[in-house]
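Understanding the architecture of this molecule
Chain by chain, the residues:
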Amino acid sequence: CAGHAQTTPRTAFVHLLEWKWTDIAKECEAHLGPKGFAAVQVSPPNEHNWVSVGDGAPFPWWMRYQPVSYSLDRSRSGTRAEFVNMVQRCNAVGVGIYVDAVINHMSGGNGGTSSAGNGWGHHSYPRVPYGSNDFHQPVCGIGDADYRSDAGRVWGCELSGLQDLNTGSPYVQGKIADYLVDLANIGVKGFRVDAAKHISPGDLGAIISAVNGRLATKPYWYLEVIQADGEAVQPNQYFGLGDGLVNVLEFKYGSSVASKFSGRISELKTFGESWGLSPSSKGVAFIDNHDKQRGHGGGGTYMTYHWGAQYDLANVFMLAWPYGYPQVMSSYAFNNSGTLYDSSYGPPYNSDGSTKGPWDGGVTTPACLNQTRGGWVCEHRFRPIANMVGFRNATAANWTVNNWWDNGNNQIAFGRGDKGFVVINKEASTLSRSFQTGLPAGQYCDVIGGDVVNGVCGGNLVTVASGGMANITVAAFSAAAIHVNAKSGST
Ligand code: ARE
Ligand code: CA
């Protein structure tokens, strides 16, 4: 309607694996807010088991998935006060915080000391408090065969020796709901439910309803239910939860894209629900996640930053293609030789195990793009990935693909109606031709190669003639993308 300011929606989010709260607050203000990210998935914020060496690695990342209580007073990412400050500062620049909610289980092992310096024991977590009645009994372990044959054991036995909560009990449901309501009251906007496949739909539905019922605004829920053909527990058993509004992490997305990037990307022309993916309105799309990039969570071939330019192109595709809600992965570097040690290695750390953050030392730009071991990779700052978030936001209103072109091999192009157009060249030679776009005539900035700063494009200009034709040149293993929110030259 005339007179109403048009706001561009925010339609993609990022997982900042193991970032500290103080660093995320800065990143929201310096980068994520301005680039149009909708939200950040943060590492589990609750008190967790402290593991100095695990699976051969110092201070493994996965200690965050071994809860000791629901207190926020000290996780490896920081204190409750720092968490609250982060949520407020990110919200203020339009970036929500999504919490990775580890509610299926508590720690593994028989006892230890937590990130906040508190003791805990087997089936004994005094700070919640949880005792032996609050866990599934008798204790059993999930075996490989159980995934195919026995949903009850997938829900009621231990995943990797992690003490399995009796999530059917009203007391346990109440403690979990209190935790999530506390987070929502702080201003958290969404929850990734870790290991949701290991909580029965009945139990998880009760928890989600309890939380939603206590809040004026329902949080966004997305569940980790890894789809695998032939298994007893499937994502669609969870679709009705939370009044039918929950999403699921779509694991087939990244493996399908990886298989085409290993073959012919022209075959992505029909990519979507017809490939066996969840309905688009249900799916969270991702190229890789913290497990898949290091061979945890069942392996499979997924692309990671180790693939170099091809990884950027896969993300360009994801952010341009109308399917689901895309999640960008942001990592710290690790050696991909595949040893257990490397896959368990934690984030860059000081000698006491505290995290050495990218914003440490009062720097004005974060220490990123250092891909040697120990560095923060910051894929969300790679220009093609960061600027395609703006493309997705600009094209959100046009949820269709048109003007598809391909060379029958590894060069593709497509449009999003009159809002945007993208060309992806996954071949070793330059691609240069005239494309039919759906865009209005004008001068656009190729946002893969440059940012628009004060109306001036730092990269190539693309001229769209009346009728929509545009000459576009794309170097080997690169891309070009233009959209209506990145016009150039005229202002
Ligand atoms: C660690 C040690 C273990 C030790 C355990 C308890 O590595 O050796 O036994 O602690 O002391 C992460 C790590 C684990 C780690 C755990 C706790 O990946 O290595 O264990 O934290 O610190 C299944 C689940 C799925 C799960 C994956 C990993 O269905 O939910 O396994 N993913 C989430 C997170 C992980 C996290 C956890 C759950 C636990 O994303 O980061 O584990 O909170 C088939 C099935 C899949 C199954 C897969 C692997 O593909 O279809 O459903 O995934 O096999 O079993
Ligand atoms: Ca369980």
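Structure shown above.
This write-up is about the structure you can find in this document. As the structure is a computational prediction, the values presented were derived from the model and not from experiment. (Residues numbered from 1 in each chain as written. Chains lettered and ligands numbered in written order. Predicted model: local features only at pLDDT ≥ 70, side-chain atom pairs only at ≥ 80, totals over all residues. Heavy atoms only, no water.)

**Comments concerning the site of ligand 1**
As a matter of local geometry, ligand 1 sits amid 25 residues, with Trp62, Lys197, His198, Glu231 and Asp291 nearest to it. Surface burial for ligand 1 is 80%, taken as the share of its 940 Å² of free accessible area covered by protein chains. Classifying every residue of the shell around ligand 1 by side-chain character gives 9 nonpolar, 9 polar and 7 charged. (Near = heavy atom within 4 Å. Areas by Shrake-Rupley, 256 points an atom, 1.4 Å probe, with all protein chains shown as cover. Nonpolar A, V, L, I, M, F, W, Y, C, P; charged D, E, K, R; others polar.)

**A look at the packing of helix α2 (residues 80-92) against helix α5 (residues 170-186)**
Where α2 meets α5, the axes come as close as 9 Å, and the angle between the chain directions of the two elements is 50°. Relative to α5, α2 is oriented oblique. Residues Arg80, Phe83, Val84 and Val87 of α2 lie in contact with α5, whose contacting residues are Asp182, Leu183 and Ile186. When grouped by side-chain class, the residues that make up the contact of α2 with α5 number 5 nonpolar, no polar and 2 charged. (Axes fitted to C-alpha atoms, helices over the stretch in contact; angles between N-to-C directions. Helix = DSSP H or I, 4+ residues; strand = E, 2+ residues; numbered from the N terminus. Parallel < 35°, antiparallel > 145°, perpendicular 65-115°, else oblique. Contact = heavy atoms within 4.5 Å.)

**Digging into the pairing of strand β1 (residues 13-16)**
Moving residue by residue along a regular strand, the side chains alternate between the two faces of the sheet. The side-chain alternation of β1 yields two buried faces, one formed by Phe13 and His15 and the other by Val14 and Leu16. Here 4 bridges tie β1 to strand β14 (residues 325-330), and the two strands are oriented parallel to one another. The residue bridging histidine 15 from the neighbouring strand is methionine 329, located in β14. When β1 meets strand β2 (residues 39-42), the two strands line up parallel, connected through 3 bridges. Note on β2: the bridge partner recorded for valine 14 is valine 40. Handedness of the crossover is the feature at issue here: the chain leaves β1, passes through helix α1 (residues 21-35), returns alongside β2, and the resulting connection is right-handed. (Buried < 20%, exposed > 50% of the residue type's maximum accessible area, 1.4 Å probe, protein only. Pairing = 2+ DSSP bridges. Right-handed = clockwise from strand over helix to strand, strands pointing away.)

**Considering the coordination of the calcium ion (ligand 2)**
On the protein side, the calcium ion (ligand 2) has Asn104 (OD1), Trp155 (O), Asp164 (OD), Asp164 (OD) and His198 (O) as donor atoms, found 2.3 to 2.7 Å from it. Mapping the donors of the calcium ion (ligand 2) onto the primary sequence yields the spacing N-x50-W-x8-D-x33-H. Placement of asparagine 104 in the loop between β5 (96-101) and β6 (105-108) and of aspartate 164 in strand β9 (residues 162-164) is noted, with a sequence separation of 60 residues between them. Across the pair, aspartate 164 and asparagine 104 agree in class, each one buried. (Donors = N, O, S within 2.8 Å, 3.2 Å for Na, K, Ca; no water.)

**Comments concerning the nonpolar core**
In terms of nonpolar packing, the biggest core is built from 123 residues, with Ile24, Phe83, Leu223 and Tyr253 touching the most fellow members. With 9 residues, α5 is the largest single contributor of residues to this core. Composition of this core by domain shows at least three residues from each of domain 1 (13-249 + 332-376) and domain 2 (400-483). Once residues within four sequence positions are removed from consideration, phenylalanine 83 is found in contact with Trp21, Val42, Pro45, Leu72, Val99, Leu183, Ile186 and Val188. In terms of nonpolar packing, the next biggest core, distinct from the first, is built from 15 residues, Trp405, Tyr444, Ile472 and Ile482 among them. (Core = buried A, V, L, I, M, F, W, Y, C linked by side-chain atoms within 4.5 Å. Domains from an automatic or database assignment.)

It is worth stressing that arrangement in space is one thing and function is another; only the former is reported here.
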